[in-house]
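The lines below spell out each chain.
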Amino acid sequence: MHKKQLIAITRRMPAACEERLAARYAVRLGDDETAFTTETLARQADGADAFIVTPSEVLDAAAIAALPASVKVLSTISVGYEHIDLGAARDRGLRVTNTPDVLTEATADVALLLILAATRRAGEGERMVRAGRWKGLRPTRFLGTQITGKRLGIVGMGRIGAATAVRAKAFGMSVLYHNRRPVPEAGEIGAVFVDTLDALIAQSDVLSLHCPLTPETKNLLNAARIALLPPGAVVVNTARGGLVDDNALILALQSGKVSAAGLDVFANEPLLDPRYLTLENAVLLPHIGSGTIETRTAMGMRAVENVEAVMDGREPPYAVV
Ligand code: DGY
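All of these numbers come straight from a predicted model, not from anything done at the bench.

Section: the site of the ligand
Around the ligand sit S78, V79, G80, L103, R240, H287, S290 and M299, and those are all the residues in its vicinity. In the environment of the ligand, an oxygen atom lies 2.6 Å from a nitrogen or oxygen atom belonging to the side chain of R240. Relative to its free-state accessible area of 240 Å², the ligand is covered by the protein chains to the extent of 91%. Split by residue class, the shell around the ligand holds 3 nonpolar, 4 polar and 1 charged.

Observations regarding helix 7 (residues 159-170)
The periodicity of an α-helix, 3.6 residues per turn, causes residues three or four places apart in sequence to face the same way. For helix 7, with 12 residues, the first-to-last C-alpha span of 17 Å sits near the 16 Å given by 1.5 Å per residue. Among the residues of helix 7, those classed as buried are I160, G161, A163, T164, A165, R167 and A168. Each element contacted by the buried residues of helix 7 is listed here: helix 5 (104-119), strand 6 (151-155) and strand 7 (174-178). Directly after helix 7, the chain includes G172, whose backbone phi takes a positive value near 80°.

Some remarks on the pairing of strand 9 (residues 206-209)
Going residue by residue along strand 9, you find V206 and S208 tucked away on one face and L207 and L209 tucked away on the opposite face as well. Alignment of strand 6 against strand 9, held across 4 bridges, turns out to be parallel. Each bridged residue has a counterpart across the sheet, and for I154 the counterpart in strand 9 is S208. Of the strand pairs in this sheet, strand 9 and strand 10 (residues 233-237) are connected by 4 bridges, and their pairing is parallel. Looking at strand 10, one finds that L207 is bridged to V235. Once the chain exits strand 9 it traverses helix 10 (residues 223-228) before rejoining the sheet at strand 10, and the crossover so formed is right-handed.

Observations concerning the pairing of strand 7
Of all 5 residues in strand 7, 4 are buried, a share of seventy percent or more. Alignment of strand 6 against strand 7, held across 5 bridges, turns out to be parallel. Bridging across to strand 7, L152 finds its partner in V175. Between the parallel pair strand 6 and strand 7, the chain is carried across by helix 7, and the sense of this crossover is right-handed. Where strand 7 lies against strand 8 (residues 191-193), 3 bridges are found, and the strand directions are parallel. Note on strand 8: the bridge partner recorded for Y177 is F193.

Cut-offs applied
Residues numbered from 1 in each chain as written. Predicted model: local features only at pLDDT ≥ 70, side-chain atom pairs only at ≥ 80, totals over all residues. Heavy atoms only, no water. Near = heavy atom within 4 Å. Polar contact = N/O pair within 3.5 Å; in protein donor to acceptor, adjacent residues only side chain to side chain. Areas by Shrake-Rupley, 256 points an atom, 1.4 Å probe, with all protein chains shown as cover. Nonpolar A, V, L, I, M, F, W, Y, C, P; charged D, E, K, R; others polar. Helix = DSSP H or I, 4+ residues; strand = E, 2+ residues; numbered from the N terminus. Expected span 1.5 Å × (residues − 1). Buried < 20%, exposed > 50% of the residue type's maximum accessible area, 1.4 Å probe, protein only. Contact = heavy atoms within 4.5 Å. Pairing = 2+ DSSP bridges. Right-handed = clockwise from strand over helix to strand, strands pointing away.

Shown next, in the form of structure tokens:
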């Protein structure tokens, strides 16, 4: 009998995605606890025709070189692919695919969640109530700042930046953005283009990051740029941790230059800088921007469609390489 193609996955996928794969292929699932190394990634992919991965796995040149030759496609369940060395993949003829478009609304929801949680001190308040330290309402205690009428600066006006702008407008914020070039649709939702990143930062009561992590954007929010923020500004990051110089942001949170931060992503996840854990004015989430059952299922389905296409000898619908 014809031997089924083997699809290896580093993690579990939403049930509908696992079922769709199992209907056609032999499937090797990973578990959700183990952190992978170059060696264990190669072992997980042993004999596989396709390898489905997530942003938690580092597929640098060494890890790609160690993969078995049988693997034809690296299908990441994410829109971001900075965890994959594209040059190394290209050199060995390995296709790389991603899952764009379907996580826009879920991620923009988390950007708003963090804007509100940071400005209204929600994390700090929740910890106080749980610790039994709440003494009741006092007119001058536990005051946050209102976002109505404040300026939101969006760095990167792609799909998620635009969806965040729409939400912020509904909360009465004025929205400014910086992007490599002006985006016509942004004008339609009332977001105003600012032609330099520094000028945007200087006008942002709340600064929200929505650009990809590339060598050019690494540590984009550094000490010099933080110094440009209005006093007491709020920083929100739902994109990638590497966009922020952690040391600079932590010092600014400690001094009050930045009054609060809302962070869903960190450099070197999940091993974030431990100083964040000591800061009452930092709201910290475990990279849940796309974490709804609807969105993760849609992302998983795209990852599966990419694999099916390569297995059938077709062009994958969401090809990166
Ligand atoms: C992505 O798709 O890159 C997200 O960060 C995962 O939620």
